[in-house]
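What follows is the residue order along each chain.
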Amino acid sequence: MKKYDVVIIGGGPAGGQTARNLAKKGHNVLLVERFNSFMDNNFSSAGMTLEPLKEFDLPEHIIGAYWSDITLQCTKKSYYWASDTKQGVVLDYGKLKQFLADETLKFNGEVLTGYKYISKKVGDNEVVLTLQKNKGSETLQVATKLVVDATGPIRKVMYDTKEKQPKMDLGSGTEYLIEVAPEIYKQYKDRLVFFLGHKWAIKGYSWIFPMEQNILKVGAGKVHLKSKEQENTDKTTKKITEQIIKEYLKCDTYKLIDAHGGIIRYANGLKDKFYENKVFAVGDAVSAINPRGGEGIRYAMQSADLACVSIDEFLRTGKTNFDNYRKKWRRRKLFKWRLSEISSQRMYSKYSDEQIENRVQFFHENFSTQVLIDSLFNFKYNQILSRIYQFIVLKVKYKFKKEQF
Ligand SMILES: Cc1cc2nc3c(=O)[nH]c(=O)nc-3n(C[C@H](O)[C@H](O)[C@H](O)COP(=O)(O)OP(=O)(O)OC[C@H]3O[C@@H](n4cnc5c(N)ncnc54)[C@H](O)[C@@H]3O)c2cc1C
């Protein structure tokens, strides 16, 4: 049986970044992915700002397109924020995963694709893992000092028996990768379009993101929360995606390159297990994804970086300060993620169509592209809060003056 310092289960951004980091530090790692190729299961839209490129030293070849502008399309009107400079990227998610696996190999780590994790036996000094070959019954056993659960929303390693999981909200999404006519692509090549409101979205938001020449990602995501406003509808994320392609993009003919989708399972209040009994969890497996926008790649990789600090310390010195990982992550994210929970519940399941339109209109009248990007992607609300404060003060003053007369 082969022995490793760390076996990482799941080759998404969280698992890939964990394997890359630990291999770079000289540890003996194995990265296991159940799909045969990292280009399979290419489900993520992978839109983000420019910061993660520097933060994780990501290369140019994994970028599908750059974006500079944002459109928020509501049921009645369209609201447009322009910018003269590049503000973000849409990555090829498959290429990102492949790059992280290649880096793991470059630093002498091992990568095993086409095998899925089945079970673990935890002993005093090591964990024995059983892996099974895809589409077959052939199994393989490996031993390791620590395991990392990077299986995303299914959290397969941390909860592989019938252990109770924390209460979770569910989200799901559908996305079509399509090739369109050059004149249509030209209109969308530099911008992200988000759809809010009941015409173009259902209990969530929909999107059009650019990729390389003539290729667009069109999709819709929903949260599975009860909503008085939107209960009686036969709309699905698939139907909305097709509606956007036909009615919004006005694409009668297009080439469907790939249709994919995925789920999100998010534990409110970040109540996941981060470490237990020689198992660390990273990425979506600890609800690293932001619950409002469903942006998760950057945070999956950040959680991997933080977990690696504790893992590396243990492998070098034997110190088991494992709870530091959970504490530090919650200190950094809990408050911001709590605010996102509240705003997503309001926006996606409580507000009427008119309330959504009014809020977007207010935002458009009062805030610049940078403030929009800061609030959507960076969770910085200073300018918004001060403008709302000014607005309330003005209203109170006006009311006071009116009463005096
Ligand atoms: C439709 C959709 C659109 C999204 N768009 C964006 C976006 O625009 N920007 C953004 O930042 N985020 C986006 N996200 C979220 C983002 O993709 C996730 O947060 C991110 O991929 C989480 O990374 P992860 O590594 O934790 O999990 P995952 O990416 O889910 O990776 C988990 C990996 O584990 C493997 N695995 C699972 N079980 C086993 C097993 N038993 N054995 C071996 N391997 C296993 C899976 O095959 C997978 O490769 C989107 C999500 C969805 C569903």
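Refer to the structure printed above.
So, a few notes on the structure that sits alongside this text.

Close to the ligand lie 42 residues; Gly10, Gly12, Gly152, Gly283 and Gly296 are nearest. Counting residues per element, the ones that place at least two in the shell around the ligand are helix H1 (13-24), strand S2 (29-33), strand S3 (47-49), strand S9 (115-122), strand S12 (168-179), strand S15 (215-223), strand S16 (255-267) and helix H6 (297-317). Residues that form the shell around the ligand fall into these classes: 16 nonpolar, 18 polar and eight charged. Each of domain 1 (2-64 + 91-165 + 267-341) and domain 2 (168-265) accounts for three or more of the residues forming the shell around the ligand.

Another aspect to go through is unusual backbone geometry. Despite not being glycine, Lys203 has its phi angle at roughly 45°, a positive value. Among the secondary structure elements, Lys203 is positioned in the loop between strand S13 (191-195) and strand S14 (204-210). The phi torsion at Leu270 lies on the positive side, around 50°, for a residue other than glycine. Relative to the helices and strands, Leu270 is located in the loop between S16 and strand S17 (275-276).

Note on helix geometry: an α-helix contains 3.6 residues per turn, so any two residues three or four positions apart are oriented the same way. Across its 14 residues, helix H3 (residues 93-106) extends 20 Å between first and last C-alpha, which sits within 8% of the 20 Å expected from 1.5 Å per residue. When H3 is considered as a whole, its buried residues turn out to be Tyr93, Gly94, Leu96, Lys97, Phe99, Leu100, Ala101 and Thr104. Tucked inside the fold, the buried residues of H3 contact H1, S2, strand S7 (88-91) and strand S8 (110-113). Positive phi shows up at Asn108, right after H3, with a value of about 70°.

Here strand S1 (residues 2-9) runs beside strand S11 (residues 139-149); their pairing, made up of seven bridges, is parallel. Bridging across to S11, Tyr4 finds its partner in Thr144. Relative to S11, strand S10 (residues 127-133) runs antiparallel, the two being bridged by six bridges. Bridge assignment links Val128 to a residue of S11, and that residue is Ala143. Counting the residues in the hairpin turn of S10 and S11 gives five residues, including Lys135, whose phi is positive at 50°. Taken together, the three bridges between S11 and strand S18 (residues 279-281) define a ladder with parallel strand orientation. Counted as the bridge partner of Asp149 is Ala281 from S18.

What counts, and at which threshold
Residues numbered from 1 in each chain as written. Predicted model: local features only at pLDDT ≥ 70, side-chain atom pairs only at ≥ 80, totals over all residues. Near = placed C-beta within 6 Å. Helix = DSSP H or I, 4+ residues; strand = E, 2+ residues; numbered from the N terminus. Nonpolar A, V, L, I, M, F, W, Y, C, P; charged D, E, K, R; others polar. Domains from an automatic or database assignment. Expected span 1.5 Å × (residues − 1). Buried ≥ 20, exposed ≤ 12 C-beta atoms within 10 Å, placed from the backbone. Contact = placed C-beta atoms within 7 Å. Pairing = 2+ DSSP bridges.

Shape descriptors only; they carry no functional weight alone.
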